[in-house]
Structure formats: structure tokens, C-alpha cells
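Report on the structure
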Amino acid sequence: NAGVTQTPKFQVLKTGQSMTLQCAQDMNHEYMSWYRQDPGMGLRLIHYSVGAGITDQGEVPNGYNVSRSTTEDFPLRLLSAAPSQTSVYFCASSWDRGNTEAFFGQGTRLTVV
Amino acid sequence: DQQVKQNSPSLSVQEGRISILNCDYTNSMFDYFLWYKKYPAEGPTFLISISSIKDKNEDGRFTVFLNKSAKHLSLHIVPSQPGDSAVYFCAAKEYGNKLVFGAGTILRVKS
């Protein structure tokens, strides 16, 4: 069982470069989300999606774009990377928005120099 | 303005003793609370949850207590084991809304 798969695991970018963090889940979950983890700040929600074709902003959306063309995939795009986006990124999915737990991927450690 | 607060950045406990991790929240609309455990270089994994209609939920060595009037929940681990050493995140949710996480508490269980 793959669960939630994130690629790549590590990435170094130069300021101004763009890239896409990939996230795929094989559990047929409706709800998917992206978080970033920074020291002392826990996990902060970037963007989320309640189903294919529907996305919305979380707590810290600036500098990131998302799309949800299929149930399985939820890529996160950085259009012009900045050092402030150095972080560990986690993708998560869950059955719905109700009282269910979210399953997380293993994370992508991104460094912007 | 943090809606979910874990005021202890770290906790050190002797193997076999009880570990108590605390979490406070400010949003009275939260109706579901979860604890996640995270090892280095891995994603968070779900540990235990509790609905706002309950005040206690138990799963093996893990028990979560909810005090709605105080807007406080705690996770008890008894007995603590070295493999429990990890970062523990408290999270809260309004129905139909997203998860809000605390900053995490690093638990070290000494053998």
C-alpha cells in the first residue's frame, strides 16, 4: 500500500527558479492538502482541495499555486522560489472534511539559496 | 494568532513512567482533536483522536483527555517506551474545515 507519495524527497533551488512538488494518493480520498513545517511553528496549511477541480487557500498561500485535475494528484507549484520558502513540505489526504484523520506523505525538504 | 498551542517545546521522561503532553486551544468551534507522532525524516502519523462529545479516549498505552470548559487536552502515554521518542503534534478541526496544528512537543524517553 503506497498511501501518500511525495516526490522529490530533497531539492535545492536557486532564488527565482520554479518547481513543482508532486503528491499522489491511492486511497481515493476526496480531501488533500499541503503543509509546510518550520521550527517552532508546527505545520501550517498552504492550500487544500475538497475534490477534483476544487482548491482553496490555507493559512500561508502566498508564493504557491495548486491544481487538482484528478482525485489522485495534488501538485504544489512554486513559481519563483524565495529563501523564505526553505522548509519541509508535507502533503496529506483524508476521506473527507469530517471527523477523520489525515494521512501524510514522507515530506520534501526544500532549500532555496 | 495561534489557535492551537503546545507550550512545552520538549519533555524528558524515564522509561516506564508516564508521559503527559499538553495542548490548549482558543477556538470554541473546534469539535475534533487529534494527536500525531513524527519521527525524523518521516511524515506525521496519526496516533489517537477525540470528538468534542467525549472527554476521554483510550487506545492501548495512549489516552487522550479533553476538558472543553478549559479548552485543554492532554495525551498520556503509560508506560513510556524509548520508541515513543518523537515529536508529538496536537491538531484540531471544525467540521468541514481544515486541520490546525500546534508547534509540537519533542518527547525523549530515557532508558
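Small disclaimer: the values here were computed from a predicted structure and weren't measured. (Residues numbered from 1 in each chain as written. Chains lettered and ligands numbered in written order. Predicted model: local features only at pLDDT ≥ 70, side-chain atom pairs only at ≥ 80, totals over all residues. Heavy atoms only, no water.)

1. Examining a nonpolar patch on the surface
- A cluster of nonpolar side chains, contributed by Ile18, Ile20 and Val78 of chain B, occupies part of the molecular surface with about 230 Å² of accessible area.
- Along the chain, Val78 of chain B turns up in the loop between strand E8 (72-77) and strand E9 (86-93). (Patch = residues over 30% accessible without salt bridge, like charges linked within 9 Å, V, L, I, M, F, W, Y side chains within 5 Å. Areas by Shrake-Rupley, 256 points an atom, 1.4 Å probe, with all protein chains shown as cover. Salt bridge = Lys/Arg side-chain N within 4 Å of Asp/Glu carboxyl O. Helix = DSSP H or I, 4+ residues; strand = E, 2+ residues; numbered from the N terminus.)

2. Here's the deal with the interface of chain A and chain B
- Between chain A and chain B, the residue contacts involve 20 residues of the former and 21 residues of the latter.
- Summing the contributions of chain A and of chain B, the shared interface buries around 1700 Å²; its carbon and sulfur component is 57%.
- Here chain A and chain B share 0 salt bridges between them.
- Our enumeration of links across chain A and chain B arrives at 2 residue pairs in polar contact (both at pLDDT 80 or more).
- For the side of chain A that touches chain B, the secondary-structure elements that each account for two or more residues are strand E4 (31-38) and strand E5 (42-51) of chain A.
- Residues of the side of chain A that touches chain B, tallied by class, amount to 9 nonpolar, 8 polar and 3 charged. (Contact = heavy atoms within 4.5 Å. Buried area = accessible area lost by both parts, 1.4 Å probe. Polar contact = N/O pair within 3.5 Å; in protein donor to acceptor, adjacent residues only side chain to side chain. Nonpolar A, V, L, I, M, F, W, Y, C, P; charged D, E, K, R; others polar.)

3. Details of the sheet that holds strand E1 (residues 4-7) of chain A
All names here are of chain A.
- If you trace the 4 strands from one edge of the open sheet to the other, you get E1-E3-E8-E7, paired in antiparallel fashion. Each edge of the open sheet carries a strand with a single partner, namely E1 and strand E7 (64-66). Here the strands of the sheet are splayed against their neighbours by 20° on average, with no regard to which way each runs.
- Alignment of E7 against strand E8 (residues 76-78), held across 3 bridges, turns out to be antiparallel. Across the sheet, the residue bridging to Val66 is Leu76, located in E8. (Pairing = 2+ DSSP bridges. Axes fitted to C-alpha atoms, helices over the stretch in contact; angles between N-to-C directions.)

4. Quick word on the pairing of E4 of chain A
Residue and element names in this part refer to chain A.
- The element E4 is largely enclosed, with a buried count of 8 among its 8 residues.
- Alternating residues of E4 divide into Tyr31, Ser33, Tyr35 and Gln37 and Met32, Trp34, Arg36 and Asp38, and every residue in both groups is buried.
- Pairing between E4 and E5: 7 bridges, direction antiparallel. In the strand pairing of E5, Ser33 is matched with Tyr48.
- The loop that links E4 with its antiparallel partner E5 comprises 3 residues; one of these, Gly40, has a positive phi angle of about 75°. (Buried < 20%, exposed > 50% of the residue type's maximum accessible area, 1.4 Å probe, protein only.)

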